[in-house]
Amino acid sequence: MMTKLEQKLIELGYKQYSYNGYNKKFNFGIFIYIAIINNGKIYSWVKESPLYMFDTQQQIDNLQQAFNRMNRDLEILKELENERSV
């Protein structure tokens, strides 16, 4: 059975890639990962493909935008967690 956090991740465009992990392709070569560990703790990171090379400022800007998007998504998930605890 899917938890509300997992449902929200899917609504935000994430796809399940492992038992407790979700990812979302942000841009060519850049992915956002969020994992929910059994105790409900959320881990997140932005990762670029090993083949992705940074040779322009725009590529670096894209990475920053992915990081910003990840933080916004985490805020949405935290709000959902806070609603559960009230």
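Up top is the structure these notes are about.
Residues numbered from 1 in each chain as written. Predicted model: local features only at pLDDT ≥ 70, side-chain atom pairs only at ≥ 80, totals over all residues. Heavy atoms only, no water.

**Q** Quick one: what's the story with the environment of Ile-36, residue by residue and with numbers?
**A** Its place among the elements puts Ile-36 in strand S3 (residues 30–36). By relative accessible area, which is 13% here, Ile-36 ends up buried. Along the backbone, Ile-36 and Glu-6 are 30 residues apart, and their C-alpha atoms lie at a distance of 8.3 Å. Once residues lying within four places of it in the same chain are set aside, the contact partners of Ile-36 are Leu-5, Glu-6, Leu-9, Asn-20, Lys-41 and Ile-42. (Helix = DSSP H or I, 4+ residues; strand = E, 2+ residues; numbered from the N terminus. Buried < 20%, exposed > 50% of the residue type's maximum accessible area, 1.4 Å probe, protein only. Contact = heavy atoms within 4.5 Å.)

**Q** So what's going on with the side chain of Asn-23? Residues and values would help.
**A** Structurally, Asn-23 can be placed in strand S2 (residues 21–27). The residues touching Asn-23, leaving out its near neighbours within four places in the chain, are Gly-13, Tyr-14, Lys-15, Tyr-17, Phe-31, Ile-32 and Tyr-33.

**Q** Tell me about the nonpolar core, and name the residues and values.
**A** Ranked by internal contacts, the top residues of the largest apolar core, which has 13 residues, are Leu-5, Leu-9, Tyr-14, Ile-32, Ile-34, Leu-74 and Leu-77. Of the residues forming this core, the biggest block, five residues, is contributed by helix H2 (residues 57–85). Apart from residues lying up to four places away in sequence, Leu-74 is in contact with Ile-34, Ile-42 and Ser-44. (Core = buried A, V, L, I, M, F, W, Y, C linked by side-chain atoms within 4.5 Å.)

**Q** An account of the pairing of strand S4 (residues 42–48) is requested, with residue identities and associated values reported.
**A** Pairing between S3 and S4: seven bridges, direction antiparallel. In the sheet register, Ile-34 faces S4, and the bridge partner there is Ser-44. Linking two consecutive strands that pair antiparallel, namely S3 and S4, is a turn of five residues; a positive phi of about 90° is found at Gly-40 within it. (Pairing = 2+ DSSP bridges.)

**Q** Give a description of the pattern of salt bridges that names residues and reports values.
**A** Tallied over the entire structure, the rule returns three salt bridges. Residue Glu-11 pairs with Lys-8 through a salt bridge whose shortest N-O separation is 3.1 Å. Of this pair, Glu-11 and Lys-8 both sit in helix H1 (residues 4–11), three residues apart, which is roughly one turn of the helix. On the basis of relative accessible area, Lys-8 is assigned to the partly exposed category, the value being 24%. Among the salt bridges present, the one from Arg-69 reaches Asp-73, with a minimum N-O distance of 3.9 Å. A residue pair is termed a helical-turn pair when its members lie 3 or 4 positions apart in one helix, as Arg-69 and Asp-73 do in helix H2 at four residues. On the basis of relative accessible area, Asp-73 is assigned to the buried category, the value being 1%. (Salt bridge = Lys/Arg side-chain N within 4 Å of Asp/Glu carboxyl O.)

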